[in-house]
Amino acid sequence: MPRSLTITKHVKIQGSLTCKSGLRIGATAEGTEIGGIDNPIIRDPVTQYPYLPGSSLKGKLRSIMEYKLGKVDDGGRPCGCAQADCLVCTVFGPHMKQDHPLGPSRIIVRDALLNPESMPVLDALLERGLLRAEVKSENIIDRRTGIAARGGLRTMERVPAGTKFDLEIVLRIFDGDNEKEIVDFVTQSLDMLDKEALGGSGSRGYGWVQVEYEVSDP
């Protein structure tokens, strides 16, 4: 726990996140048309390029470390212990707890914007009538008959494999914090991300990503 709410430094983690398989972080489908996409991905409203919300990435990194450290309760709720020695609560903030002695969360996760190298690749999809994403059709199988269930066909948008996003995370180090402990905690979660899945439908092969990064003092 910090001795005061004084920031002594910021540590920046920068790099890239590359999709090794199709990735899906969804948006709301408003007024889906017949034959349209049931589950669109999230896009920048101005550029229409996909991006990865910082909230989604932050939540995944938190979840990875909570499960690694046994900090998830039987109901699947995030950790809210607010103990001084709990790095999950110190770095990410105690879940659903406003009054605690830990001070502000230490991590700031920026939205991961599309790397310019991937822009022409996704732009080429426009010529095929796709809005800078791939479309994957899936079906629900009736376990009794072994055939596709009626009405079970659905279309999913995914960010294609090979797409690269720019990654930036800033760690706030307060007076009294153990800087190395906090930095190591966050980089450990990034190192484990390629063994997990980001976004939806990870058990079906979606969301395999590779992260490359470096740590520096800005």
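A quick note: this is a predicted structure, and the numbers were derived from the prediction, not measured.

Observations concerning helix α4 (residues 179–192)
Turning to step 1, where the next piece is worked out: When the terminal C-alpha atoms of α4 are compared, their 20 Å separation across 14 residues agrees well with the 20 Å that a helix rising 1.5 Å per residue should span.
Turning to step 2, where the next piece is worked out: All of the buried residues along α4 are Ile182, Val183, Phe185, Val186, Thr187, Ser189 and Leu190.
Turning to step 3, where the next piece is worked out: Buried residues along α4 sit in contact with β1 (7–19), α1 (54–69), α2 (87–92), β2 (107–109), β5 (164–174) and β6 (209–216).
Turning to step 4, where the next piece is worked out: Capping the start of α4, Asn178 holds a side-chain oxygen 3.4 Å from the backbone nitrogen of Lys180, two or three residues further along.

Here's the deal with the side chain of Thr187
Turning to step 1, where the next piece is worked out: Its place among the elements puts Thr187 in helix α4.
Turning to step 2, where the next piece is worked out: With residues near it in sequence (within four places) discarded, Thr187 still touches Ile13, Tyr213 and Val215.

Digging into the nonpolar core
Turning to step 1, where the next piece is worked out: Counting residues in hydrophobic clusters, the biggest one holds 47 residues, and the most contacted among them are Leu17, Ile169 and Leu171.
Turning to step 2, where the next piece is worked out: Elements that contribute at least two residues to this core include exactly β1, α1, α2, β2, β5, α4 and β6.
Turning to step 3, where the next piece is worked out: Beyond its immediate stretch of four places on either side in the chain, Ile169 contacts Val11, Lys12, Ile13, Leu61, Ile107, Ile108, Val109 and Leu190.

Some words on the pairing of β5
If a strand is regular, its side chains alternate between the two faces of the sheet.
Turning to step 1, where the next piece is worked out: Pairing analysis gives eleven bridges linking β1 to β5, with the strands arranged antiparallel. Each residue of the ladder has a partner; that of Thr18, found in β5, is Lys164.
Turning to step 2, where the next piece is worked out: Relative to β5, β2 is paired through three bridges, and the arrangement is antiparallel. In the sheet register, Ile107 faces β5, and the bridge partner there is Leu171.

Remarks on the packing of aromatic side chains
Turning to step 1, where the next piece is worked out: Counted under the stated rule, the structure contains one aromatic pair.
Turning to step 2, where the next piece is worked out: Its end group placed over the ring of Tyr206, Arg158 keeps NZ or CZ at 4.5 Å from the ring centre.
Turning to step 3, where the next piece is worked out: Lying over the aromatic face of Tyr206, Arg204 brings its terminal NZ or CZ to 5.7 Å of the ring centre.

A word on the pattern of salt bridges
Turning to step 1, where the next piece is worked out: Across all of its chains, the model carries twelve salt bridges by this definition.
Turning to step 2, where the next piece is worked out: One salt bridge connects Lys9 with Glu179, and the closest N-O pair in it is separated by 3.2 Å. In this pair, Lys9 sits in strand β1 while Glu179 sits in helix α4, placing the two residues 170 residues apart along the sequence.
Turning to step 3, where the next piece is worked out: On the basis of relative accessibility, which here comes to 28%, the residue Glu179 falls in the partly exposed class.
Turning to step 4, where the next piece is worked out: Between Glu157 and Arg43 there is a salt bridge, with the nearest N and O atoms lying 2.9 Å from each other. Placement of Glu157 in strand β4 (residues 154–158) and of Arg43 in the loop between β1 and α1 is noted, with a sequence separation of 114 residues between them. Like Arg43, Glu157 is buried.

Observations regarding the side chain of Ser201
Turning to step 1, where the next piece is worked out: Tracing the sequence through the fold places Ser201 in the loop between α4 and β6.
Turning to step 2, where the next piece is worked out: A distance of 2.9 Å separates the side chain of Ser201 from the side chain of Arg204, its partner in a polar contact.
Turning to step 3, where the next piece is worked out: Residues contacting Ser201, with those up to four places away along its chain left out, are Met156 and Tyr206.

Some remarks on the confidence of the model for the protein
Turning to step 1, where the next piece is worked out: Of all residues in the protein, 85% have pLDDT values of 70 or greater, and the mean over the chain is 88.
Turning to step 2, where the next piece is worked out: Of all helices and strands in the protein, the one with the weakest mean pLDDT is strand β3 (residues 134–138) (82), whereas β2 scores best (98).

Comments concerning the packing of α1 against α4
Turning to step 1, where the next piece is worked out: The geometry of α1 relative to α4 is characterised by a closest axis approach of 9 Å and an angle of 100° between their N-to-C directions. By the angle between their axes, α1 is roughly perpendicular relative to α4. Facing Leu61, Ile64, Met65, Lys68 and Leu69 of α1, the residues of α4 in contact are Phe185, Gln188, Ser189, Leu190 and Met192.
Turning to step 2, where the next piece is worked out: Across the contact of α1 with α4, the residue classes break down as seven nonpolar, two polar and one charged.

Some words on the sheet that holds β1
Strand pairing in a sheet relies on backbone hydrogen bonds. The paired strands run either parallel or antiparallel.
Turning to step 1, where the next piece is worked out: One open sheet holds the four strands; their spatial order is β2-β5-β1-β6, and the pairing between them is antiparallel. Among the strands making up the open sheet, the edge pair consists of β2 and β6. Each adjacent strand pair in this sheet contributes to an overall mean axis angle of 20°, direction not counted.
Turning to step 2, where the next piece is worked out: Sheet strands in contact with α1 are β1, β2 and β5, and its direction is about 135° off that of β2.

About the cut-offs
Residues numbered from 1 in each chain as written. Predicted model: local features only at pLDDT ≥ 70, side-chain atom pairs only at ≥ 80, totals over all residues. Heavy atoms only, no water. Helix = DSSP H or I, 4+ residues; strand = E, 2+ residues; numbered from the N terminus. Expected span 1.5 Å × (residues − 1). Buried < 20%, exposed > 50% of the residue type's maximum accessible area, 1.4 Å probe, protein only. Contact = heavy atoms within 4.5 Å. Polar contact = N/O pair within 3.5 Å; in protein donor to acceptor, adjacent residues only side chain to side chain. Core = buried A, V, L, I, M, F, W, Y, C linked by side-chain atoms within 4.5 Å. Pairing = 2+ DSSP bridges. Phe/Tyr/Trp six-rings, centres within 6.5 Å; stacked < 30°, edge-to-face > 60°. Lys NZ or Arg CZ within 6 Å of the ring centre and 35° of its normal. Salt bridge = Lys/Arg side-chain N within 4 Å of Asp/Glu carboxyl O. pLDDT = per-residue confidence, 0-100. Axes fitted to C-alpha atoms, helices over the stretch in contact; angles between N-to-C directions. Parallel < 35°, antiparallel > 145°, perpendicular 65-115°, else oblique. Nonpolar A, V, L, I, M, F, W, Y, C, P; charged D, E, K, R; others polar.

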